[in-house]
Amino acid sequence: MASAAGAAPAADDDRRDTSDAAGMVILGACAAWSLITAAAHDGRPEGVLLAVLAVAAGYAAGRVSGALLPVAAPSAGALAGLGLTVGLPHLSPGPEIVTPLGHAGAAAALLTLSAGAACCAAWATESPALRLALRVLAAGIAVTAAALGAVAGFAACVAVLVGSLAAGRMRHRGPGIAGLALSAALVSGLTWAVAGNKVPAGLADSLEGRLTRQRVGLWQDALHMARGDAVLGVGPGRFGELSGTATRTLLSDGKPHSAPLQQAAEQGIVGVALLAAVFCWVLYALWRTRRPTPVALTAGAALTSVAAIACLGNALSFTTVSVGAGLLAGLATARPLSYESARHGTDVRAHGDRQAL
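These numbers come from a predicted model, not from an experiment.

Parameters at a glance
- Throughout this document, residue positions are counted from 1 along each chain, in the order its sequence is written.
- Local features are withheld for residues below a pLDDT of 70 in this predicted model, meaning they are given only at 70 or higher, and side-chain atom pairs are given and counted only at 80 or more; totals for whole chains, interfaces and linings count all residues.
- The side-chain quantities take in all heavy atoms of the structure and omit both hydrogens and water.
- In DSSP terms, a helix is any run of H or I states spanning at least four residues, a strand is any run of E spanning at least two, and both are numbered starting from the N terminus.
- Here, expected helix span is obtained from the residue count minus one, scaled by 1.5 Å.
- Using a 1.4 Å probe on the protein chains alone, a residue whose accessible area is under 20% of its type maximum counts as buried, one over 50% counts as exposed, and one in between counts as partly exposed.
- Taking the helix axis as origin, the arc is that swept by the directions to the C-beta atoms.
- Whenever a nitrogen or oxygen atom comes within 3.5 Å of another N or O atom, the pair is scored as a polar contact, on the condition that within protein one atom can donate a hydrogen and the other can accept it, and that pairs from neighbouring residues in sequence are kept only if both atoms are in side chains.
- The contact criterion used throughout is that any non-hydrogen atoms of two residues lie within 4.5 Å.
- One side-chain nitrogen of Lys or Arg within 4 Å of one carboxyl oxygen of Asp or Glu is enough to make a salt bridge.
- Put simply, two rings from Phe, Tyr or Trp (the six-membered ring, in Trp's case) pair if the centres are within 6.5 Å, and we call them stacked under 30 degrees between planes, edge-to-face over 60, tilted for the rest.
- The criterion for a charge sitting over a ring is simple: Lys NZ or Arg CZ within 6 Å of the ring centre, and within 35 degrees of the ring normal.
- We score Asp and Glu as negative and Lys and Arg as positive, and we do not count His or the chain ends.

Draft legend 1. Representation of helix α5 (residues 128–147). With 20 residues, α5 extends 28 Å between its outermost C-alpha atoms, agreeing within 8% with the 28 Å of an ideal straight helix rising 1.5 Å per residue. For α5, the full list of buried residues reads Leu-134, Leu-137, Ala-138, Ile-141, Ala-142 and Ala-145. For α5, the buried positions fall inside an angular range of 140° around the axis, keeping them on one side. α5 presents Pro-128, Ala-129, Leu-132, Val-136, Val-143 and Ala-147 as exposed residues on the side facing more than 90 degrees away from its buried surface.

Structure (structure tokens):
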């Protein structure tokens, strides 16, 4: 029995080390590939490098703060995300007709991450009153999204809140993680289908009305560039100067407003594979974390919602969103020191029993 008790923590440590090593390799590959494609086509990799650095920094901060303050850290993150969205006018969708395309997606993503952090904190606390207060905070974030006009943010926050409540009834996280991966794949596939005119005419007209003709035109330009050079793409940061739709747009940020299509256009099929690998790594880390299943699935639901928003918008081009996504992933995979203390006590008792025997 003592041997079995010692083997389980060792296996947990091995899985954690494997997940961390995989994350470092994948993020390093993303940075390296952006430099390779930039050198091949005289691109500008600074945006990709900044995003990789933001995710890595957020993940590291989440791991540290989540280990020290498993309840206070995600609670503070939720309040900070809400404050940034409300306080920064460039992230708030607002009624202004001059707001560039993409800021609404960033606000929706940041509010979704805030709701996910609040729900994770609710599952981490043992106080019923505090758990209720944190869930009320998550609901308030959803109401804030509706008040700001972020329809996608409101829908995503509600989905996270409902998914978090449902996660409390799940005994195994594997099916939930698989469902999240499938959901992200379906949304990504839909963007490719719309860009390639592979959806029925009626559905295409309905989607174009919701997505706007400008966004669909950007997607089609991105797909055309991807077909022109499927391996290397046109180079990071060069979509805006090569896209006819972007050059004809008065307020254009030079982005196709779809993360997978942007990767395909600027960094080829390898860039798309690396983007998918980052998302799969996060889900794998959540699957292997020693945190309770509701915490892991809640964070997974929030990050999957952000991935869906990024497939339909320009959310990942905002550093605050990249840092927030890494921070939530780190918080959900951190091992609170209380867990380590309990495990150390168990190991000491098991060792003492073995000596007595």
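Draft legend 2. Quick look at the side chain of Thr-298. Structurally, the position occupied by Thr-298 is in helix α13 (residues 293–312). A distance of 2.6 Å separates a polar atom in the side chain of Thr-298 from the backbone oxygen of Pro-294. Setting aside anything within four residues of it in sequence, one finds Thr-298 in contact with Gly-116, Cys-119, Cys-120, Trp-123 and Ser-164.

Draft legend 3. The arrangement of unusual backbone geometry in detail. The residue Asp-42 is not glycine, and still its phi comes out positive at about 55°. Along the polypeptide, Asp-42 turns up in the loop between α1 (2–41) and α2 (46–68).

Draft legend 4. How the structure looks around the pattern of salt bridges. The full count for this structure, using the stated rule, is 3 salt bridges. Residue Arg-44 pairs with Glu-241 through a salt bridge whose shortest N-O separation is 3.4 Å. Placement of Arg-44 in the loop between α1 and α2 and of Glu-241 in helix α10 (residues 239–242) is noted, with a sequence separation of 197 residues between them. Overall, Arg-44 belongs to the partly exposed group, its relative accessible area being 40%. Glu-241 gets classed as partly exposed once you look at its relative accessible area, which sits at 45%. Among the salt bridges present, the one from Arg-238 reaches Glu-241, with a minimum N-O distance of 3.3 Å. According to the relative accessible area criterion, Arg-238 is buried, its value standing at 19%. Within the structure, one salt-bridge network assembled from shared partners comprises Arg-44, Arg-238 and Glu-241.

Draft legend 5. Representation of the environment of Ala-115 in the model. By the element assignment, Ala-115 lies in helix α4 (residues 103–124). Through-space distance from the C-alpha of Ala-115 to that of Gly-153 is 9.9 Å; in sequence the pair is 38 residues apart.

Draft legend 6. Quick peek at the packing of aromatic side chains. Within this structure, the stated rule accounts for 2 aromatic pairs. A centroid spacing of 6.1 Å and a plane angle of 70° characterise the contact between Tyr-284 and Trp-287, whose relative ring orientation is edge-to-face. Residue Tyr-284 and its partner Trp-287 are both found in helix α12 (residues 259–288); the two are separated by 3 residues, about one turn of the helix. Residue classification places Tyr-284 among the partly exposed residues on the basis of a relative accessible area of 27%. Assessed through its relative accessible area of 40%, Trp-287 is described here as partly exposed. We note Arg-135 situated over the ring of Trp-123; from NZ or CZ to the ring centre the distance is 4.6 Å. If you follow Arg-288 out to its NZ or CZ, it ends over the ring of Trp-287, 4.4 Å from the centre.

Draft legend 7. Here's a closer look at the side chain of Asp-221. With respect to the helices and strands, Asp-221 occurs in helix α9 (residues 213–228). Here Asp-221 sits buried without a salt bridge, and the closest side chain of opposite charge, Arg-248, lies 5.6 Å off (N-O distance). If sequence neighbours within four positions are ignored, Asp-221 has contacts with Phe-239, Ser-243, Gly-244 and Thr-245.

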